[in-house]
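Residues per chain, in single letters:
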Amino acid sequence: MRQVITYLRFSSKPQERGDSIRRQEELFDRWLKSNPDATIVDKFIDEGQSAYHGKHLKGDFGRMLQSIQDGKYPSGQTLLLVESENRLNRQSARKTENLVDLITGKGVDVVCLESGKVYNSTNIDDLDTSIQLKIAAHIAHQQSKEKSIKVSAAWENRAKLALSGEQQLTKMVPGWIEPDTRKLNEHAQTVKTIFNLLLSGESLHNIARYLQANNIKSFSRRKDANGFSVHSVRTILRSEATVGTLAASKHNDRPAIPDYYEAAVDVTTFNQAQEILSKNRKGRTPASDNPITINLFKGLMRCQCGASVQPTGIKNSYQGVYRCNNYADGRCGVPTVKRKAFDSWMITNLVGMLTKPDDGLSARRMAELTYQVDMLSKRIKKTVALISELDDVPELKEQLRDLNRQRSQMQSELETLQHTESLTDKTLPQLADIDLLSKAGRVEAQLILSKYIKTITIQPHTFSVSLNNGNLFEGLSITPHDVYPEEAAIYTQNRMNQLIDDELGLLTGIKGEMRFKN
């Protein structure tokens, strides 16, 4: 029994209301009736996702592609049904070819029902198949490009009408404005409150805390909106829409349109707010020469809520704490972590983490890279043949350069994996020997840590460390979860070695257990 996955896509709401879905589904049903030995195992659909801009790569198509790359579907026994090549992609021809290569390279056949063309690992390198795919992809890309130009021209005309007050330009309006009337709604009072608080001397942090404490809901139309942050408060205060102006567009060089919306505050209030915000950004003192101002884990620490984690409260010799950026606004309850104890623990135990086996992760990645390099080499050979067969074709030469770049990058990664397949304390610079009391020493340690650590995720009373060699350690804790003294006892390397209790990488004794995963 052959397995079938289907992919259906349309790029706009009018297509949803029209014939697009019905037509694609009917093609799938018709093919399945003619092939009773095949059964659908997965369905993927991208609603209103443009393939011209590649948005579908972050949607269901991207998830489908990842499942294929992960080997979820049996090689040689799985087919991907699509209406036509342009459902897969509408970007440049070479990008479409790359996607088809990724799919067929995993043994999944691509069946284009409209044309009856089948792309698989056997025929994908054939000259005629390659030309057919390139032509189909090129036509799809050109159609979308021409449509994009027409849409831009239409928007430019609408902008001129809006500027003269003859037409409404867009229904995408700020949260305190009604889309249909462009008049203020009930959220306008929140905007006025924000301005009044700023003018009365409150900081952006205090304004955000006030809104959170009084359960004033965000009027952002984003689905993931989570109350008011310092960033969202500043955005409102900076928005020209608060005085009724539609901001200028860089997309089509449209100038700003005054009196487009009903104003929430007057121009005088807006200008006073801008002056306050500008003063807050001026006169900052230069970076301190104090070494402890250097964050060893700069850019590496995240909170479980998704926000960045930064050191704060640093004073002279006191190193402060690590705190989630959403904590100050009351949008996150993950407690702070003593910075000195955390830094010391990481410096002491990083080597022990690096020497843990990766359970075959590197070997699988090297095998995958070897296969992809081989596939790219075949495509390069095929492209060279096309260039010699045809006359001067700039697109083919550009594609050849792109393929060579991809192969070089993969070969470089492969060589790096082969060279650092097993990280040991001999290959890792001795962090313990670096002078962390000097600014230069801390900068050196910062660079070393960023080389080996991928991310550090802070959770309530515990943290996880993901390394660039594929190792993942979870449930780590420096001390019992209810105690974070500045002079916390730090586990030594000997203690770390005792905790490595079996070949599976199970680490116990630190806040329950520390697990290694692929």
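All values reported here derive from a predicted model rather than from experimental measurement.

A. Region of interest: the packing of helix 7 (residues 188-199) against helix 8 (residues 204-213). Where helix 7 meets helix 8, the axes come as close as 10 Å, and the angle between the chain directions of the two elements is 140 degrees. When the interaxial angle is binned, helix 7 and helix 8 end up oblique. For the element pair helix 7 and helix 8, the recorded crossing hand is right-handed. Judged by residue contacts, Thr 190, Thr 193, Ile 194, Leu 197 and Leu 198 of helix 7 engage Leu 204, Ile 207, Tyr 210 and Leu 211 from helix 8. In terms of residue class, the contact of helix 7 with helix 8 is built from 7 nonpolar, 2 polar and no charged.

B. The environment of Gln 3, seen in detail. Tracing the chain through its elements places Gln 3 in strand 1 (residues 2-10). When the C-alpha atoms of Gln 3 and Tyr 73 are compared, they prove to be 7.8 Å apart, with 70 residues separating the residues in sequence. Not counting chain neighbours up to four residues away, the residues in contact with Gln 3 comprise Thr 39, Val 41, Tyr 73, Pro 74, Gln 77, Thr 78 and Leu 79.

C. Examining the pairing of strand 10 (residues 453-459) more closely. Taken together, the 3 bridges between strand 6 (residues 301-303) and strand 10 define a ladder with parallel strand orientation. Its bridge partner lying in strand 10, Arg 302 is registered against Thr 457. Sheet topology note: the strand 10/strand 11 (residues 462-467) ladder contains 6 bridges and is antiparallel. Among the inter-strand pairings, Ile 453 is bridged to a residue of strand 11, identified as Leu 467.

D. Looking closely at the sheet that holds strand 1. As summarised here, the arrangement of the 5 strands in space is 2-1-3-4-5, forming an open sheet in which the pairing is mixed. Looking at the sheet topology across the chains shown, the edges are occupied by strand 2 (38-47) and strand 5 (117-119). The sheet shows a mean angle of 20 degrees between the axes of neighbouring strands, taken without regard to direction. On top of the sheet, helix 2 (residues 20-34) reaches strand 1, strand 2, strand 3 (78-82) and strand 4 (108-112); it is set at about 165 degrees to strand 1, its chief contact.

E. Layout of the pattern of salt bridges. What the rule picks out here adds up to 15 salt bridges. Note that Arg 2 is salt-bridged to Asp 37, the shortest N-O span being 3.0 Å. Pair noted here: Arg 2 is in strand 1 and Asp 37 is in the loop between helix 2 and strand 2, with a separation of 35 residues, a long-range link. On the basis of relative accessible area, Arg 2 is assigned to the partly exposed category, the value being 27%. Among the salt bridges present, the one from Arg 63 reaches Asp 60, with a minimum N-O distance of 2.9 Å. In this pair, Arg 63 and Asp 60 are both assigned in helix 3 (residues 60-69), 3 residues apart and thus about one turn of the helix distant. Its relative accessible area of 48% is what places Arg 63 among the partly exposed residues. Residue Asp 60 is classed as buried on the basis of its relative accessible area of 14%. Here the salt bridges do not stand alone but share partners, grouping Glu 97, Asp 101, Lys 134 and Arg 379 into one network.

What counts, and where the lines are drawn
Residues numbered from 1 in each chain as written. Predicted model: local features only at pLDDT ≥ 70, side-chain atom pairs only at ≥ 80, totals over all residues. Heavy atoms only, no water. Axes fitted to C-alpha atoms, helices over the stretch in contact; angles between N-to-C directions. Helix = DSSP H or I, 4+ residues; strand = E, 2+ residues; numbered from the N terminus. Parallel < 35°, antiparallel > 145°, perpendicular 65-115°, else oblique. Left-handed = near helix turned anticlockwise from the far one by under 90°. Contact = heavy atoms within 4.5 Å. Nonpolar A, V, L, I, M, F, W, Y, C, P; charged D, E, K, R; others polar. Pairing = 2+ DSSP bridges. Salt bridge = Lys/Arg side-chain N within 4 Å of Asp/Glu carboxyl O. Buried < 20%, exposed > 50% of the residue type's maximum accessible area, 1.4 Å probe, protein only.

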